[in-house]
Amino acid sequence: MLQINNYHLSYGKKKVLRGIDLVVNKGETLALVGESGAGKTSLGLSIGGLIGRESEPANQAKVQTQGQIIFQGKDILHLSAEELQELRWSKISFVFQNVSNTLNPVLTIWEQVSEPYSSHHLGTRRQAREQARIMLDKVAFPSAKINHYPHQLSGGELQRALIAMALINKPEVLILDEPTASLDPITRQELVQLLSRITKDCAVLLITHDLSVASALSKRTAVLYKGKILEEGPTDKVLQTPHHPYMRALLRSYPHMHSSKDIQSINLNLKEPAEGCVFFPRCTQALPICQTTAPPVLEFKLTVLSANAKEELDFFGQNGSSKVACHRGGIVPYLVVHRLSKSYGPEFSLREVSFMVFEGETVALVGQSGSGKSTIAKLIMGLEKPDQGNILYEEQKTPFPRSQEFLQKVQLIFQNPYDAVSPRLTIKEIIQEPLLIQKIGTQEEKNAKAIQALADVGLPTEDRFLHSYPSSLSGGELQRVAIARALILEPKLLIADEPTSALDALVQAKIIKLLMGLQEQRGLGMLFITHDIALARKIADRILVIQNGEIVEQGLAWEVTSNPKHPFTKQLLAAASVF
Amino acid sequence: MVDYQAKKEFLASFLASKEIILGGCLAIILAASFLILPWLLKGDPYQTSLNIFTPPNKEYLLGTNDVGQDILAGLLLGGQNSLKVAVGVGILSTCLAVGFGVLAALVGGRLDTFIMRMIDIILVIPNIFIIILVSAYLKPSLGLEIILISLLTWLGGARVIRAQVLSLKERTHVYAAILFGANLAYIFFRHILPELIPLVLSIFLQGARRAIFMEAALGFLGIVDPNVISWGTMINQSLNFFYLDVWRWWLLPTAGALSLSLISLTLIGRGLEETFISNSERRSKIATDQ
Amino acid sequence: MRKKKIITYLAALGFILILNFLLPRLLPGDPFMAIYGEEAALSLSEAAKEELRAKMNLDKSLIAQFKVYLLTLAKGDLGYSYALNQPVRTVISKVLPWTLLLVGSALILSTLIGLILGIESGWRRGTRADRWILLTVVGLSALPNFLIGILLLLFFAVQLGWFPLGGAVTPYSGFTGTAYLLDVFKHLFLPLLALTLAQVPRSYLLTRASVLGNLSYPYVRTAAAKGLKPLQIRYKHVGRNSLLPISASLGVSVGSALAGSLFIEIVFSYPGMGSLIHQAIAQRDYPLLQGILLVIALTVILANLATDILASKIDPRIRKE
């Protein structure tokens, strides 16, 4: 019904939209989500041919458009002023955001709601009034206030009037621009229900920054960032398992009643990208090509190299349904563990363990001691060799023994910090050890890196501390030293094996915050091995539950913890600390 | 108080306005000629002669009037007088406007109410009528004229200044300064005064413009000191002889000088407002401008 | 709100009354002449002067004088013009219609022109047309009203001879009916044009500024999205809102137009209040001068009051408060 092809919009030198491709079908609601300034409203206005025509006569020349907006076989961008006038509201209408003066302050509601009907010659003034009354009744606008002026009405009433006005000419395309912003939660709820009821016959473009509204009203969602659609797919999938780092960040920053992990953000580098991917300045998994070339929009697909051939892995059950604009095909699976088996005689074996850890993601591996958690860590790090199955890092098979590169990108943090550092080395020597081993940098660079690593984990950086010995440090401090040592190689993936179980709760909280902060900054992927499901719930995006060498349940952290499927998970939850 | 960079930007935006440049140049040329030309030409505007209604010639560049006085000399002296009134009223009324406006806004309370109500009351009647009434009795000299006009032109300015100070006072950065422990004087000089400068300039220009207009108007009505030569008086007298051709060199140059003076100040004022003053403030200023 | 306004207007009236009363009495010189005018001081007999002094309590305290002053005014007695040998009230009522005709039609015309120009030029803000209209009107606003009058007079009446040089009707012409109306119109045309030109900048600048403000409001976009014709958007939506500040400041416009008419009437010897003031000043006819200014003050105050009522009728946001 409505098709947007490679639509560009710039205002003078400022690029507002950079190549938008969208299709909205009849009876379908597409949600366009994004932060303020992403270009959502500009796109909505473009569809009504409202960019730079009436609004700014002197600056019309500055508005430049490219591409097509096809509606009923005609390109809206090339319609004459009269054709546009005819099209507006009779075919394409808007529910504008209810800010002050969205309605004319000196005309009554009745007048304004009926106006499009009579001005499009659908009937006499009297018929228009009648029609307006019917529409206002339909949206439950209080009939006693029909002759009121906008300033006499509440926000909810105004929004209802705006909806009635939008529907009066029975449009085919409806653009909802933040239809519930600035309303209180209860009114918002009512209006969302109203909207979902009465927009069924139209092709609806829902513009919103409110993910819960998008979730309630739309079947498909597109994510707009700096004028570019970064991800598009079924709303429930996009909102649960986003594939673009930006969408994931948006979700993580948005508190909702299910979320168990703390709200999180991403780098606030808002530098305007010149060429290449718009998300590049904030991206933690960028490649050199991202800076120079805009990424193509591709269907999302996870493929891994299995034993012999390339195998398609429909990990989230959404291969092919979503589209992502990313050179890396979406959030990168740093670690793929595929059908991993290892037997230690008859009493214990690891059976067909499969999971993934994505860039910037925390996966918690939860289970009792002796269930095989630490074995998995050892297998990943290449300390032991699996009987069967594959371990892939960045979609590449890992050689055995592990390459130097792997050992630089993947770091293990051990459970017991006292044991993990040599008591004979100074703090500085401990931290610089990986650099020494990997032969990286001059002594000055090593010193600088050591100081940076210490600062990153919140430890002192003065000489006295650098030259002290582990014996003078507490457990928490030592674990930080261990983390600093792991970080000095700038790894992409951390395997943390019970890194806080030897620590007091207060120290643990500090270290967890530290790790979450690093994840936000660097896109660190993390496999967090723990027996504490309460802790896992707070820090993990996804949880794997392991019992007797077998993964019995895995899913989104909030889902696993609020709605467990497997008896063992239920058991773990029942035993988790509650007080 | 304003740092160097801000000052530079201020000046730059000042010079970016064509209106300000044009009006400024015009004003400077006019003022300079009123001040310098009388020295060069040495005509006596008061000296009557038998050469009445002489058309322009070498001796009298703009001819003579009905009693044989040198019209150009009169025009220049009238210009000087207009300049005096303009500057005098500009300074005096701006001081009054800023003083009372800031006082009302910063002190607030009853004093504010009192000052504002007085201004409201006096502004109901267009002040030209009050000036006519008083002048009809007093036949004011130049100095008295300045005082009289000033006393009635500061009112609107004070209202604008007060409104501006009040809105500045409510800005969050001012609250922030208060919460850092700043006192009233600091806030006034650091956060309020710099923002008032364009407004003060615009009030000064408005005062000067209205002073020139009023001075001419009173002269035109014949209610100023008869010994003072004024453009208004010259226009009024020349109008008595419109059936002769004398108006071509008597009335038109005088009217031209008056118009150019007013246009130059209007241009600067407009440029200033376009550049520095928000649309809504400008609107309220036009609405109350009599 | 309404009450506060009324108090302000009453206070303004009081201010004018006190000024009228005090000026002649406190200034140096003969208060008798300052109150009754030069003609009375020169031509009346001593006995008649004594009678007048006693009547106005001139030898008593200021308060006693003020009482009599107010009482006389309350009876509708504006004094007596000895120069014209007629009561001031009679003199004023003879000329008032001409001034009202001139000011009234100039106000209507200038407001309409200003509104239309303001809306059209504000709508095209930043374009060449807008800049030229703006520049022209700003230039016009700089000119004193009497200069506009003089230039029109010299060009159209003196040079071209298209219009009469002065007056409101041709004296002793005996015109009636249409011929009379035509004659009145011919005399009215130039002063009306002058006053209208002098008043247009006010309503134009105000409308343009408020159109600019209104165009930034989202309801304009709403109206455009509704597929309304540009004319409907401009006049029904933006115009209606831009009418508010104009109508709210109509009171000030009346005052400004009255002031303008004083000077323009003098230029065109139009027999209204302005010419009368000119005459009163020349003859030092102080009772007449005071009477006229009092009537003008009253007119302005009433116009302000009417404006407030009108504005509250037009703007729904004031109406319900």
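Residues numbered from 1 in each chain as written. Chains lettered and ligands numbered in written order. Predicted model: local features only at pLDDT ≥ 70, side-chain atom pairs only at ≥ 80, totals over all residues. Heavy atoms only, no water.

## Quick notes on the overall build of chain C
Summing up its helical and strand segments, chain C has 15 helices and two strands in all. Taken along its principal axes, the extent of the C-alpha atoms in chain C is 80 × 55 × 40 Å. Put simply, chain C has 321 residues, and 52% of those count as buried. Within chain C, contacts between residues at least 6 apart in sequence are counted, and of these 70% link residues at least 24 apart. Carbon and sulfur atoms make up 68% of the accessible area of chain C, which totals about 14100 Å². Computed over 31 positive and 16 negative side-chain charges, the separation of the two mean positions in chain C equals 19 Å. (Helix = DSSP H or I, 4+ residues; strand = E, 2+ residues; numbered from the N terminus. Buried < 20%, exposed > 50% of the residue type's maximum accessible area, 1.4 Å probe, protein only. Contact = heavy atoms within 4.5 Å. Areas by Shrake-Rupley, 256 points an atom, 1.4 Å probe, with all protein chains shown as cover. Lys, Arg positive; Asp, Glu negative; His and termini not counted. Charge placed at Lys NZ, Arg CZ, Asp CG, Glu CD.)

## Focus on the packing of helix α11 (residues 230–248) of chain C against helix α14 (residues 286–314) of chain C
For any two helices packed against each other, one specifies the inter-axial angle together with the distance between the axes. Residues and elements named next belong to chain C. The contact between α11 and α14 brings their axes to 9 Å, and the two run at 165°. In this view, α11 runs roughly antiparallel relative to α14, as classed from their interaxial angle. The crossing of α11 and α14 is left-handed. On α14, the residues touching Leu244, Ser247 and Ala248 of α11 are Thr307, Leu310, Ala311 and Ile314. Within the contact of α11 with α14, the residues separate by chemical class into five nonpolar, two polar and no charged. (Axes fitted to C-alpha atoms, helices over the stretch in contact; angles between N-to-C directions. Parallel < 35°, antiparallel > 145°, perpendicular 65-115°, else oblique. Left-handed = near helix turned anticlockwise from the far one by under 90°. Nonpolar A, V, L, I, M, F, W, Y, C, P; charged D, E, K, R; others polar.)

## A closer look at the interface of chain C and chain B
Opposite the 59 residues of chain C that make contact, chain B presents 48 residues. For the pairing of chain C and chain B, the buried interface totals around 4700 Å² over both sides, and the portion due to carbon and sulfur atoms is 80%. Here chain C is connected to chain B by zero salt bridges. There are three residue pairs in polar contact (both at pLDDT 80 or more) connecting chain C and chain B. Elements with a contribution of two residues or more to the side of chain C that touches chain B: α1 (2–26), α7 (128–142), α8 (145–159), α9 (177–215), α12 (250–267), α13 (273–282) and α14 of chain C. At twelve residues, the largest contribution of residues to the side of chain C that touches chain B is made by α1 of chain C. Along the lines of polarity and charge, the residues of the side of chain C that touches chain B split into 42 nonpolar, 14 polar and three charged. (Buried area = accessible area lost by both parts, 1.4 Å probe. Salt bridge = Lys/Arg side-chain N within 4 Å of Asp/Glu carboxyl O. Polar contact = N/O pair within 3.5 Å; in protein donor to acceptor, adjacent residues only side chain to side chain.)

## So, a nonpolar patch on the surface
Residue and element names in this part refer to chain B. Taken together, the side chains of Leu35, Ile36, Leu37, Trp39, Leu40 and Leu41 present a nonpolar region at the surface, about 640 Å² in accessible area. Its place among the elements puts Ile36 in helix α2 (residues 18–41). Since its relative accessible area comes to 48%, Ile36 is described here as partly exposed. (Patch = residues over 30% accessible without salt bridge, like charges linked within 9 Å, V, L, I, M, F, W, Y side chains within 5 Å.)

## Comments concerning the sheet that holds strand β4 (residues 63–71) of chain A
Residues and elements named next belong to chain A. Strand order across the open sheet formed by four strands is β2-β1-β4-β5, with antiparallel pairing between neighbours. Looking at strand neighbours, the two that pair on one side only are β2 (14–24) and β5 (74–75), the edges of this open sheet. Against the sheet, helix α1 (residues 40–47) makes contact with β1 (2–11), β2 and β4, and its axis sits at roughly 120° relative to β1, the strand it touches most. (Pairing = 2+ DSSP bridges.)

## Quick look at the environment of Ile51 of chain A
In this structure, Ile51 of chain A sits in the loop between α1 and β4. Apart from the residues within four sequence positions on either side, Ile51 of chain A is in contact with Leu9, Ser42, Leu45, Ser46 and Val63 of chain A.

## Structural notes on the pairing of β1 of chain A
All names here are of chain A. Note that β1 and β4 share eight bridges and pair antiparallel. Following the sheet pairing, Leu9 is matched in β4 by Thr65. Here β1 runs beside β2; their pairing, made up of eight bridges, is antiparallel. By the bridge assignment, His8 is partnered in β2 with Arg18. Counting the residues between successive antiparallel strands, the hairpin from β1 to β2 contains two residues, one of them, Gly12, with a positive phi of roughly 65°.

## Section: the interface of chain C and chain A
Contact with chain C, which involves 28 residues of that partner, is made by 33 residues of chain A. For the pair chain C and chain A, the summed buried area comes to about 2700 Å², and 59% of that belongs to carbon and sulfur atoms. If you sort the residues of chain C by the area they bury against chain A, Arg221, Ala225 and Lys226 of chain C come out on top, with a joint share of 24%. At the junction of chain C and chain A, the tally comes to three salt bridges. For Lys236 of chain C, the salt bridge is made with Glu115 of chain A, and the minimal N-O distance between the two is 3.0 Å. Viewed at the interface, chain A and chain C are joined by ten residue pairs in polar contact (both at pLDDT 80 or more). At the level of secondary structure, the elements contributing two or more residues to the side of chain C that touches chain A comprise α10 (218–225), α11 and α15 (316–319) of chain C.

## Some remarks on the domain arrangement of chain A
Entries for chain A in the domain assignment read domain 1 (2–250) and domain 2 (332–575). Placing a centre on the C-alpha atoms of domain 1 of chain A and another on those of domain 2 of chain A gives a separation of 47 Å. (Domains from an automatic or database assignment.)

## Let's talk about the sheet that holds strand β21 (residues 493–497) of chain A
All names here are of chain A. Within the open sheet, the six strands sit side by side as β20-β21-β22-β17-β23-β24. Their pairing is mixed. The open sheet has two free edges, formed respectively by β20 (410–413) and β24 (550–556), since each of these has just one partner strand. In this sheet, adjacent strand axes meet at a mean angle of 15° when their direction is disregarded. In terms of strand pairing, strand β23 (residues 542–547) meets β24 through six bridges, oriented antiparallel.

## Focus on the pattern of salt bridges
Tallied over the entire structure, the rule returns 27 salt bridges over all chains. Across the pair Glu359 of chain A and Arg248 of chain A runs a salt bridge, and its minimum N-O distance is 3.1 Å. Pair noted here: Glu359 of chain A is in the loop between β16 (348–358) and β17 (362–367) and Arg248 of chain A is in helix α9 (residues 245–253), with a separation of 111 residues, a long-range link. The class for Arg248 of chain A is buried, based on a relative accessible area of 12%. Taking the shortest distance from any N to any O, the salt bridge between Asp112 of chain B and Arg162 of chain B comes out at 2.6 Å. Here Asp112 of chain B is found in helix α4 (residues 109–124), whereas its partner Arg162 of chain B is found in helix α6 (residues 142–169), with 50 residues between them in sequence. Through salt bridges with shared partners, a single network forms among Glu111, Glu115, Arg125 and Arg129 of chain A together with Lys226 and Lys236 of chain C.

## Some details on the environment of Ser10 of chain A
Residue and element names in this part refer to chain A. Relative to the helices and strands, Ser10 is located in strand β1. C-alpha separation for the pair Ser10 and Gln64, spaced 54 residues apart in sequence, amounts to 5.2 Å. Once you skip the residues sitting within four places of it in the chain, Ser10 turns out to touch Lys15, Val16, Lys62, Val63 and Gln64.

## Concerning the confidence of the model for chain C
Averaged over every residue, the pLDDT of chain C is 85; the share at 70 or more is 98%. Mean pLDDT values over the elements of chain C span from 70, in α15 of chain C, up to 92, in helix α6 (residues 88–123) of chain C. (pLDDT = per-residue confidence, 0-100.)

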